[in-house]
Amino acid sequence: QVQVVESGGGLVHAGDSLRLSCAISGHTFSDGYMGWFRQSPGKEREFVGQIRWTGVTSYGDSVKGRFTISRENDKATMHLQMNSLKPEDTAVYYCALGRYRRGVYSGDYSYWGRGTQVTVSS
């Protein structure tokens, strides 16, 4: 059974940094990608970024230059380093696992965590 668990959310001030982590277990993928999405009340789920099995990363336009995705060598743990946080970054952040697609749409992912809340105060 695949399990996806996010951690590291919290309340920070604008300009602060925060690091989220995602632990994925139980899968047998030999190829694929891990991604981060976020969703705030009344808005659609937004692509934050992904890291593919090759190590190549890509990011959504709203976080480019501020957020960085990294991964442990075991490919079971992923991190999202968020710098220069803004109030508009406030959302529930989700980690997900997928394969065979581009990895920029929520429909590209098969397994999801429950999310972790990030709140940025002004």
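Residues numbered from 1 in each chain as written. Predicted model: local features only at pLDDT ≥ 70, side-chain atom pairs only at ≥ 80, totals over all residues. Heavy atoms only, no water.

J.: Please clarify how the packing of aromatic side chains should be interpreted in this entry.
T.: In this description, an aromatic ring pair is defined by two values, namely the gap between the centres and the angle between the planes. Counting across every chain of the model gives seven aromatic pairs. With 5.6 Å between their ring centres and 65 degrees between their planes, phenylalanine 37 and phenylalanine 47 make a pair best called edge-to-face. Of this pair, phenylalanine 37 sits in strand S4 (residues 33-39) while phenylalanine 47 sits in strand S5 (residues 46-52), placing them 10 residues apart in sequence. Each member of the pair phenylalanine 37 and phenylalanine 47 is classed as buried. Taken together, Tyr33, Phe37, Phe47, Tyr94, Tyr109 and Trp112 form an aromatic cluster joined through their ring pairs. Between the NZ or CZ atom of arginine 45 and the centre of the ring of tyrosine 94, over which it lies, the distance is 3.9 Å. In this structure, arginine 45 is placed above the aromatic ring of tryptophan 112, and the distance from its NZ or CZ to the ring centre is 4.7 Å. (Phe/Tyr/Trp six-rings, centres within 6.5 Å; stacked < 30°, edge-to-face > 60°. Helix = DSSP H or I, 4+ residues; strand = E, 2+ residues; numbered from the N terminus. Buried < 20%, exposed > 50% of the residue type's maximum accessible area, 1.4 Å probe, protein only. Lys NZ or Arg CZ within 6 Å of the ring centre and 35° of its normal.)

J.: Quick question: what am I supposed to make of the nonpolar core here?
T.: Nonpolar side chains in soluble globular proteins tend to be buried together. Counting residues in each nonpolar core, the largest one holds 27 residues, and the members touching the most others are Trp36, Leu80, Met82 and Tyr93. Of all the secondary-structure elements, those providing two or more residues to this core are strand S3 (18-25), S4, S5, strand S7 (67-71), strand S8 (77-82), strand S9 (91-98) and strand S11 (116-121). Residues Tyr33, Phe37, Phe47 and Tyr109 belong to the second largest nonpolar core, which totals five residues. (Core = buried A, V, L, I, M, F, W, Y, C linked by side-chain atoms within 4.5 Å.)

J.: Hey, could you run me through the environment of valine 104 in this one?
T.: In this structure, valine 104 sits in the loop between S9 and strand S10 (109-112). Linking valine 104 and glycine 8, residues 96 residues apart in sequence, is a C-alpha distance of 23 Å. The contacts of valine 104, once residues within four sequence positions are left out, are Phe37, Phe47 and Gln50. (Contact = heavy atoms within 4.5 Å.)

J.: For this particular structure, what's the right way to read the state of the cysteines?
T.: Linking two cysteines covalently via their sulfur atoms produces the bond known as a disulfide. Inspection of the entire model under this criterion finds one disulfide. For cysteine 22, the disulfide goes to cysteine 95, at an S-S distance of 1.9 Å. Residues cysteine 22 and cysteine 95 are joined through a disulfide that is left-handed, its torsion about the S-S bond being -75 degrees. Taken together, the positions of cysteine 22 in strand S3 and cysteine 95 in strand S9 put the pair 73 residues apart, joining distant regions of the chain. For the pair shown, cysteine 22 and cysteine 95 are each scored as buried. (Disulfide = S-S within 2.5 Å.)

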